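Examining the three-dimensional arrangement
As a plain string of letters, each chain reads:
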Amino acid sequence: MTMVSSTDLMNRTYRHQRHFYDFTRKYYLLGRDRMIAQLAARAGDVVLEIGCGTGRNLATAAARYPKSRLYGIDVSTEMLTSAIARIARAGLASQIRVAHADATRFDPRPLFGVARFERIFISYSLSMIPEWRAVIDSSISILAPGGELHIVDFGGQERLPGVFRSLLRRWLALFHVIPCDEMEQVLKARAQAAGASLAFERPYRDYAQYAVLRLPAT
């Protein structure tokens, strides 16, 4: 899928939803705030969110890490419109920058003048990207030495009732969301290839999956 077609699809999906997205998603995008807390970004760290949507997570991270620089990308220009407005209202334009980009083929240098990031986080976005493995590869390639990639997304729901799992997956598919059931195996392979450590959890009875991949410092 090209960037133009991805942008068109996501704009059609979120053109109207973006106005009430944050109110509804807080009930089922579980683990986002825990992930932000565990970023543990230090003063001067450069932090990137892939799939920043309305800017909700970036604003939360900026409040928690006021001495870090934050960046965000999204393929939906509709969502970026909401993110820019949120950032401006919060007076965070000097700390947060966002841009239109395709996460599967992302070069931060022409967009932000930044080559590497100490922290990259992805919250419930990989499951909306058919080429999600390419996003993981791209993210690892722009991590600084000792940097961390944090991911939270929908899990396999294997420890939840079968009816719930079936209905949830049908409902998610309406929004072009397909849980990345092979994420743990893919991340293990990528971590081994990069000499990185990997922590992987399946919280909320496997409703979600949460991963932290950490590159060696040198």
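Structure shown above.
Right, let's walk through the structure included here. None of these values were measured; they are calculated from a predicted model.

Our next topic: the overall build of the protein chain. Of regular secondary structure, the protein chain possesses ten helices and seven strands. A buried classification covers 55% of the 218 residues belonging to the protein chain. When the accessible surface of the protein chain is split by element, carbon and sulfur atoms take 57% of a total near 10200 Å².

It is worth spelling out the pairing of strand S5 (residues 143-154) at this point. Of all twelve residues that make up S5, ten are buried, and the element is covered over most of its length. Two strands pair when backbone bridges link them, and strand S4 (residues 117-123) and S5 are joined in this way by six bridges, in the parallel orientation. Bridge pairing links arginine 119 to glutamate 148 in S5. Here S5 runs beside strand S7 (residues 208-214); their pairing, made up of seven bridges, is antiparallel. Pairing of histidine 150 across the sheet is with valine 212, part of S7.

A separate point is the pairing of strand S1 (residues 46-50). In terms of residue burial, S1 counts as a mostly covered element, since five of its five residues are buried. Where burial is concerned, the two faces of S1 agree: the one with Val46, Leu48 and Ile50 and the one with Val47 and Glu49 are both buried. As paired elements, S1 and strand S2 (residues 69-74) share five bridges and run parallel to each other. Bridged to isoleucine 50 within S2 is isoleucine 73.

Rules used throughout
- Residues numbered from 1 in each chain as written.
- Predicted model: local features only at pLDDT ≥ 70, side-chain atom pairs only at ≥ 80, totals over all residues.
- Heavy atoms only, no water.
- Helix = DSSP H or I, 4+ residues; strand = E, 2+ residues; numbered from the N terminus.
- Buried < 20%, exposed > 50% of the residue type's maximum accessible area, 1.4 Å probe, protein only.
- Areas by Shrake-Rupley, 256 points an atom, 1.4 Å probe, with all protein chains shown as cover.
- Pairing = 2+ DSSP bridges.

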